[in-house]
Amino acid sequence: MRRSIVCAAVAVALSACGGGNTESSVQAPGAEETAKTKALETGAAVLQDRPPVDAINAYLDGFHFYNGQMKVQMEAHHYCSILNEDVIQCTIYDGNVKDAKLMGVEYIISGKLFAGLPEQEKALWHSHVQEVKSGQLIAPGIPEVAEHALMEKLIHTYGKTWHTWHTDLDKDLPRGMPQLMMGFTADGQADPAMVAARDARLGVSSEDKRKRRANIAAPPVDAGADAWQKGNVIQIEDPSAGHGHTDKEKTDAPSDAEKNATSSASSGK
C-alpha cells in the first residue's frame, strides 16, 4: 500500500504545475539565438529521444549551505529521477523557469545503502531528517497526501550534493571549483527570511507542513553523516584569486548550537 502511494505521488508530480515561479538570478552572456539555431533546436526537440531527461519525475525544493560555511545558504530546485527504491538522482537549478541555471547534482540513497558505505565516504553525505520534519523540503504542486507519502520515504535517505555553478557569487558564468553542500540538521540554522521568501513565492507554509509532518517518525541518523557537526569539514579549496566563499566567510569549527544538533538529529528530535 505504501509503495503504491509513493508511486502515485510520483505520477502526480509528473503533471504538477509546481506552484509559483522562481526566476534565475543569473544572466549568462551571449548573443540571442539566431533563426538557424532556433530551427536546429526545434528539430532536435522533435526528432531526438531524451530518455535520461524524460525519466525526471519529481520536483523538490529545499535549501543547502556550503560545507563548513553555515551562513552561506541558498534555495535549490531539484529535478529528480527515481531510479529504484534505494537510489534517486537529481539535477539542481537556481530556479524553476526555462532559463534556470544548472547549479549542480544531488545523489540520494536509502539508509540501507548508506549504512554499507565506508566511513570516509559517509562524511560527504548529509541526512534529510531535519529537512523533512521542519517542513522546509517540499514537493511543489502535488496534493498534500502525495507529498506526505514522498516525505515518509525521503526522511530515511541521505544526500551527497555538489554545486558546480555558485549562483550566489557568479552572475554570468560558472567559475571556480565544485563545492560540497550540506543540509540543515536543527532548527535555527536556516535563514528565516530565505525560507519565508520561498514560501511566499511558491504559496506554501513551511510551518504548516512541519505540523502536518509531526506524525512522520524520525529515524536515528547514522553517526557518519553530517560530519561537519563533529569538525570534519571536507571541501575543495578554490585557487581562483578573489573567488570562493572563503573570501566571504572563513571556515569555522562548528558552534555549540551546531554541535548540539548532532545529538538532536541522532535522537530524532
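Residues numbered from 1 in each chain as written. Predicted model: local features only at pLDDT ≥ 70, side-chain atom pairs only at ≥ 80, totals over all residues. Heavy atoms only, no water.

Q: Can you lay out the overall build of the chain for me, pointing to particular residues and giving the numbers?
A: Counting its secondary structure elements, the chain contains ten helices and seven strands. Of the contacts formed within the chain by residues at least 6 apart in sequence, a portion of 72% connects residues at least 24 apart. Total accessible area computed for the chain in this model is approximately 13,500 Å², and 57% of it derives from carbon and sulfur atoms. (Helix = DSSP H or I, 4+ residues; strand = E, 2+ residues; numbered from the N terminus. Contact = heavy atoms within 4.5 Å. Areas by Shrake-Rupley, 256 points an atom, 1.4 Å probe, with all protein chains shown as cover.)

Q: Give a description of the state of the cysteines that names residues and reports values.
A: Scanning the entire structure with this criterion turns up one disulfide. Note that Cys-80 is cross-linked by a disulfide to Cys-90, the S-S spacing being 2.1 Å. Here the disulfide of Cys-80 and Cys-90 is right-handed, its torsion about the S-S bond being about 105°. Here Cys-80, found in strand S2 (residues 69-82), pairs with Cys-90, found in strand S3 (residues 87-93); they are ten residues apart in sequence, far enough to count as distant. In this pair, the class of Cys-80 matches that of Cys-90, namely buried. (Disulfide = S-S within 2.5 Å. Buried < 20%, exposed > 50% of the residue type's maximum accessible area, 1.4 Å probe, protein only.)

Q: Can you break down the nonpolar core residue by residue, with the values?
A: Nonpolar side chains in soluble globular proteins tend to be buried together. By size, the foremost hydrophobic cluster in this structure holds 34 residues, and its most contacted members are Leu-60, Val-132, Met-151, Leu-154 and Phe-184. Of all the secondary structure elements, the ones that give two or more residues to this core are strand S1 (58-66), S2, S3, strand S4 (102-110), helix H6 (129-133), helix H7 (144-154), strand S7 (179-182) and helix H8 (192-202). Not counting residues within four places of it along the chain, the set of residues in contact with Met-151 comprises Leu-60, Val-132, Leu-137, Ile-138, Ala-139, Arg-213 and Ile-216. Ranked by size, the runner-up nonpolar core spans seven residues in total, among them Val-72, Met-74, Ala-76 and Met-103. (Core = buried A, V, L, I, M, F, W, Y, C linked by side-chain atoms within 4.5 Å.)

Q: An account of H7 is requested, with residue identities and associated values reported.
A: Structural remark: α-helix, 3.6 residues per turn; residues separated by three or four positions point the same way. Of all eleven residues in H7, eight are buried, a share of seventy percent or more. Considered for burial, the residues of H7 that qualify are Ala-146, Glu-147, His-148, Ala-149, Leu-150, Met-151, Lys-153 and Leu-154.

Q: Before we move on, can you summarise the environment of Ile-109 with the specific residues and values?
A: Tracing the sequence through the fold places Ile-109 in strand S4. For the pair Ile-109 and Lys-160, spaced 51 residues apart in the sequence, the C-alpha separation amounts to 8.7 Å.

Q: Let's hear about unusual backbone geometry: which residues, and what values?
A: Look at Asp-226: it is not a glycine, yet its phi comes out positive at around 55°. Examined against the element boundaries, Asp-226 turns out to sit in the loop between helix H9 (206-212) and helix H10 (256-267).

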